[in-house]
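Results of the structural survey
One letter stands for each residue in the lines below.
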Amino acid sequence: MESGSFASGDGDCEAQPTIKISVKFGARSIPIVISPDSTIKDLKSLLQPLTNVLPRGQKLISKGKLLVDEMTIRASEVTNGSKIMLMASQGLHQGDGPVLEQVQSRPVSRAGNANKLSNEKKRVDHDKLRLERWEKTGIIALSECNLQAIPDEVWASKRARILDLNNNDIEEVSPPIGFFVLKLFLNANKIRDGSIRWEGIASMKDLTVLSLNQNHLTTLPAALGELTSLKQLHVANNKLTDLPNEIGLLRQLEVLKVNSNRISKVPASIGDCSALIEVDLTANLFSELPDTCGNLHNLKSLHLGNNGLKSLPSTLFKMCFQLTTLDLHNTEITMDLLRQFEGWESFNERRRLKHQKQLDFRVMDSADFDEGADKN
């Protein structure tokens, strides 16, 4: 079956240049050649004989957006090489239903056709059930599926609460602008700086959890600061060399885990993240913390081990009056130094109350506890 084409305008006008697009329908990929000045309705008319789906039963989706009949191909931001997904409404097929295989040029056995149609129907039914389950539960669970790319159906989802794509081989992340999700998990993939569309991520205004552990990121963009609803940011085990100053715009951020990277300096703007409760900066390359860390009045847990730290912000113990856990293992800070800080005794008491049962497992005796600082 030949792919369709369409040219708009009067017969006297010069032919408009055409573009080639691909329409995914079930397990098929249908090539279409069309003028960018044609309308979406024209495209649906072309697809009708190729799919046996009436135009009013066709829903065309591109980059997560439903295409509108009256708009042109160009105005819909469909360009040469674009991929469009066709979803057909039940009961709006002509003839015997949707075309599931290309028309054969030679006779084939009815049994062979029946098997093919049966298998295709199973695939379509499976995809439909999966989409219905996603919409019903709000959970898109695709972890450990050996995915190399994120399925188009994911971005077509309207109200996903949780999108779990952990432990795959995904390299490119290109969410459409305005995609709705509350928690996004992309741990243990192959994501690099140039393969993630941060513009789409930053448009997720309701996002509360972003997890990108175990990828190949070397930097985080300024656009990160636009995620003003974010409560948890996990970017451990990457190759980050710094944190953007815009991280200070994340006023609702409660958990920040950037351990096992190559960060050499922590920005002073971190002190503006006033809701922070837990911070893990273990195993990086910095030697000092900004004094603004004393502004983190809600901070309870601070992990700084395996860095080149020689001192701490002077107001850390005095101003972070909820701090009860401080990990300084494998740093150059000594216990004698810690005792000189204002607020140390209050912190020491809070720490004792919380970890009384763990004192027997500490390096230091019951008179002192071990925060990883070397005794002198």
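Residues numbered from 1 in each chain as written. Predicted model: local features only at pLDDT ≥ 70, side-chain atom pairs only at ≥ 80, totals over all residues. Heavy atoms only, no water.

Taking an unreviewed UniProt entry as the reference, the chain is identified by name as Ubiquitin domain containing protein belonging to Parasponia andersonii.

**Some thoughts on empty space enclosed by the protein**
Which entries qualify depends on this criterion: Put simply, the grid is 1 Å and covers the protein atoms alone, a cavity is a trapped set of points that fit a 1.4 Å probe, a pocket is an open set with protein on both sides within 12 Å along at least five of seven lines, and lining residues have an atom within 4 Å of a point. Grid points are joined across faces, edges and corners, and a volume is the space filled by probe spheres set on the points. All amino acids are sorted into three groups, where Ala, Val, Leu, Ile, Met, Phe, Trp, Tyr, Cys and Pro are nonpolar, Asp, Glu, Lys and Arg are charged, and the leftover types, Gly among them, are polar.
Per the counting criterion, the structure on display carries one cavity of 30 Å³ or more. Here the largest cavity defines a volume of roughly 40 Å³. Contributing to the lining of the largest cavity are I270, V279, L281, L289, C293, L296, L299 and L302. Taken together, the residues that form the lining of the largest cavity break down as eight nonpolar, no polar and no charged.

**Considerations on the pairing of strand β3 (residues 58-62)**
The side chains of a regular strand alternate, residue by residue, between the two faces of the sheet. The line we're drawing: Remark: exposure states derive from per-residue accessible area (1.4 Å probe, protein chains only) relative to the maximum for the residue type, with buried under 20%, exposed over 50%, and partly exposed in between. To qualify as a helix, a DSSP run of H or I must reach at least 4 residues; to qualify as a strand, a run of E must reach at least 2; elements of each kind are numbered from the N terminus. One bridge is not enough; two strands pair if DSSP finds at least two bridges between them.
Judged by how many residues are buried, β3 sits mostly within the fold: four of five residues are covered. Bridge count for β3 against strand β5 (residues 83-88) is four bridges, and the pairing is antiparallel. Bridge pairing in β5 places Q58 opposite A88. Relative to strand β4 (residues 65-66), β3 runs antiparallel, the two being bridged by two bridges.

**Some thoughts on the packing of aromatic side chains**
Our working definition: Each pair of aromatic rings taken from Phe, Tyr and Trp, with Trp reduced to its six-membered ring, is defined by centres within 6.5 Å and is described as stacked if the planes are under 30 degrees apart, edge-to-face if over 60, and tilted in the remaining cases.
This model, assessed by the stated rule, comprises five aromatic pairs. For the ring pair W155 and F179, a centre distance of 5.0 Å and an interplane angle of 90 degrees mean the geometry is edge-to-face. Here W155, found in helix α3 (residues 152-156), pairs with F179, found in the loop between β7 (162-164) and β8 (183-185); they are 24 residues apart in sequence, far enough to count as distant. The class of F179 is buried, set by a relative accessible area of 5%. Each member of the aromatic cluster is reached from another via a ring pair, and the members are F317, F341, W344 and F347.

**Let's talk about the confidence of the model for the chain**
Detailed conclusions should not be drawn from predicted coordinates in areas where pLDDT is low. Selection rule: Note: pLDDT gives the predictor's confidence per residue, expressed from 0 to 100. In this description, contact between two residues means that some pair of their heavy atoms is separated by no more than 4.5 Å.
Considering every residue of the chain, the mean pLDDT works out to 84; 80% of them sit at 70 or more. Within the model, the stretch residues 363-369 combines pLDDT values under 50 with 17 contacts to residues more than four positions away or in other chains.

**Side note on the sheet that holds β4**
What counts is decided by this rule: To obtain an axis, a line is fitted to C-alpha atoms, over the contacting stretch when the element is a helix, and the angle between two such axes runs from 0 to 180 degrees between their N-to-C directions.
One open sheet accounts for five strands, arranged β2-β1-β5-β3-β4; its pairing is mixed. This sheet does not close on itself; its edge strands, each paired only once, are β2 (28-34) and β4. When strand β1 (residues 19-25) meets β5, the two strands line up parallel, connected through three bridges. Within β5, the residue paired with K24 across the bridge is M85. Seen against the sheet, helix α1 (residues 40-51) touches β1, β2, β3 and β5 and runs at an angle of roughly 135 degrees to β2.

**Observations regarding the sheet that holds strand β9 (residues 209-211)**
Reading across from one edge, β6-β7-β8-β9-β10-β11-β12-β13-β14 is the order of the nine strands in this open sheet, with parallel pairing throughout. Only two strands of the sheet have a single partner each, and these edge strands are β6 (139-141) and β14 (325-327). Mean inter-strand twist for the sheet, computed between neighbouring axes without regard to direction, equals 5 degrees.

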